[in-house]
Amino acid sequence: MRFRTLKELAAISLDENKTLAEVMIEEQAAETGASREEIVAQMSDYYEKMKEAVRRGLSEQNVSRSGLSGGDAVKVLDLVENGTPSSGDPSSRAMAYALAVSEVNASMGRIIATPTAGSCGIIPGVFVSSQERFGWSDEHMVNGLFAAGAIGYVIANNSFISGAEGGCQAEVGSAIGMAAGALVELRGGDAEKAMHAVGLALKNTLGLICDPVAGLVEIPCIVRNGLGAVNALAAADMGLAGVRSAIPSDEVVSVMLEVGAAMPSGHRETGQGGLAQTPTGRKLTENLMRGRKPLEPETEEPAGQAVE
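Parameters and conventions
- Residues numbered from 1 in each chain as written.
- Predicted model: local features only at pLDDT ≥ 70, side-chain atom pairs only at ≥ 80, totals over all residues.
- Heavy atoms only, no water.
- Disulfide = S-S within 2.5 Å.
- Buried < 20%, exposed > 50% of the residue type's maximum accessible area, 1.4 Å probe, protein only.
- Core = buried A, V, L, I, M, F, W, Y, C linked by side-chain atoms within 4.5 Å.
- Contact = heavy atoms within 4.5 Å.
- Salt bridge = Lys/Arg side-chain N within 4 Å of Asp/Glu carboxyl O.
- Phe/Tyr/Trp six-rings, centres within 6.5 Å; stacked < 30°, edge-to-face > 60°.
- Helix = DSSP H or I, 4+ residues; strand = E, 2+ residues; numbered from the N terminus.

Once that is clear, we can look at the state of the cysteines. Any covalent bond linking the sulfur atoms of two cysteines counts as a disulfide. For the structure on display, the rule yields zero disulfides. Lacking any disulfide linkage, C120 is separated from the closest cysteine sulfur, that of C221, by 10.0 Å. For C120, a relative accessible area of 0% puts it in the buried group. For the unlinked cysteine C210, the closest cysteine sulfur is that of C168, found at 5.4 Å.

Turning our attention to the nonpolar core. The biggest cluster of nonpolar side chains holds 77 residues, and the ones touching the most others in it are F3, Y47, V126, F127, F146 and M195. Not counting the four nearest positions on each side in its chain, F3 is found in contact with E8, L9, I12, V23, M24, E27, A150, Y153 and V154.

Here the structure, examined in full by the defined rule, presents 19 salt bridges. R55 is paired through a salt bridge with E60; the nearest N and O atoms lie 3.3 Å apart. Overall, the relative accessible area of 36% leaves E60 in the partly exposed class. Each of R2, E16, K18, E26 and E27 takes part in one network of salt bridges that share partners.

Below, the discussion takes up the packing of aromatic side chains. Under the criterion given, the structure shown has two aromatic pairs. Summarising the aromatic geometry, the rings of F3 and Y153 are spaced 5.5 Å apart at their centres and angled 80 degrees between planes, so their arrangement reads as edge-to-face. A residue pair is termed long-range when its members are at least 10 positions apart, and F3 in the segment before α1 (6–15) and Y153 in helix α7 (residues 138–158) qualify at 150 residues. Note on F3: relative accessible area 1%, which makes it buried. Residue classification places Y153 among the partly exposed residues on the basis of a relative accessible area of 22%. Between the aromatic rings of F134 and W136, the centroid separation amounts to 4.8 Å while the plane-to-plane angle is 25 degrees, which identifies the pairing as stacked. Under the relative-accessibility criterion, F134 is labelled partly exposed at 30%. By relative accessible area, which is 17% here, W136 ends up buried.

Structure, rendered in structure tokens:
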């Protein structure tokens, strides 16, 4: 790749008058030896799978095997379609779609890791809802995925995308940044505005710990995907409006690395801290270990019968 930083990526885009997507396609072709057609076809297949995960998450019963999650995406969508969501239709719809994909993941369905399975709902939630809203073509959305991929490439090579290494800031935070920057480009913003959106998104997820209850990618992971989609929309709007990240995006990525490295191991996907170790979190884990339904109330053991 000719770029290793977000600044270099933006410079190539602006200097050569190419979109972030076009830069990424060309660089990937040069690095892999695959043709442009092959690369685009593969990404198109990924987008089809994302749309299918959204559909499945909203139309099927997607209760996880653990019983910890399932059905929340449909609840949010019902509010969108039959109520008045406080955050407005676009944000709440993106939230519902992101929850849907994350619930499919928790129920062992097929998803695309973007950039990880733990953050798989954010980009589909933002992309599919925005496509419906603005009437964009699949081709346009696939270009958006290449833009998101370019941003993710930089983050992965300069910081973390793994919760086990850098906390949830590395998974959900990276996905929010990728979605925000790509959405700016999808809506006609230039590379500079896209990079500011990335920085705005990332610096507002710094320090987010990874604390899955029972070590499963469900609580609080699924809800974080839903809220992450809303954050991505907000960061993209700031970027499009010309709001600048006072701390350059590459420096924010460096801080993510610093914070993640300093994060206690109990807050990095081990389930040994945070929400996983609250009284309720421990009880849910204990119930699962004993083969009970997670929220099943305890019953007293039957007393032994007296011997005559």
